[in-house]
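Structure assessment
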Amino acid sequence: MSKSEKDIQTRSTTNNNKNDVKVNNQFSLTINFGDSLNLLALIAGVYVIKNIAKRKKKKKTIEE
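My aim in this report is to walk through the structure given alongside it, one point at a time. Remember, predicted model here, so these are calculated numbers, not experimental data. (Residues numbered from 1 in each chain as written. Predicted model: local features only at pLDDT ≥ 70, side-chain atom pairs only at ≥ 80, totals over all residues. Heavy atoms only, no water.)

It is worth spelling out the overall build of the protein at this point. Along the protein, the regular secondary structure elements total two helices and zero strands. Within the protein, the fraction of its 64 residues that count as buried is 0%. Here the protein has roughly 7300 Å² of accessible surface; of this, 55% comes from carbon and sulfur atoms. (Helix = DSSP H or I, 4+ residues; strand = E, 2+ residues; numbered from the N terminus. Buried < 20%, exposed > 50% of the residue type's maximum accessible area, 1.4 Å probe, protein only. Areas by Shrake-Rupley, 256 points an atom, 1.4 Å probe, with all protein chains shown as cover.)

Before going further, it helps to examine a nonpolar patch on the surface. There is a patch of nonpolar side chains on the surface, built from Leu39, Leu42, Ile43 and Val46 and spanning about 380 Å² of accessible area. When you line up the elements, valine 46 lands in helix H2 (residues 33-63). With a relative accessible area of 42%, valine 46 lands in the partly exposed category. (Patch = residues over 30% accessible without salt bridge, like charges linked within 9 Å, V, L, I, M, F, W, Y side chains within 5 Å. Salt bridge = Lys/Arg side-chain N within 4 Å of Asp/Glu carboxyl O.)

Laid out in structure tokens, this is it:
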């Protein structure tokens, strides 16, 4: 055996494996205000219609 072959055999074989994991988490929440305004208008409309119906019902009972 030559000297270089002995050096290769006597060296310890350690692998220095390094795992670099970079995580870039981005959470985005999209709020569409058009939808919420439509929902708010619907709720307000139902409320107004109920109040008008109650007033008409009270008027009918008072007239009778």
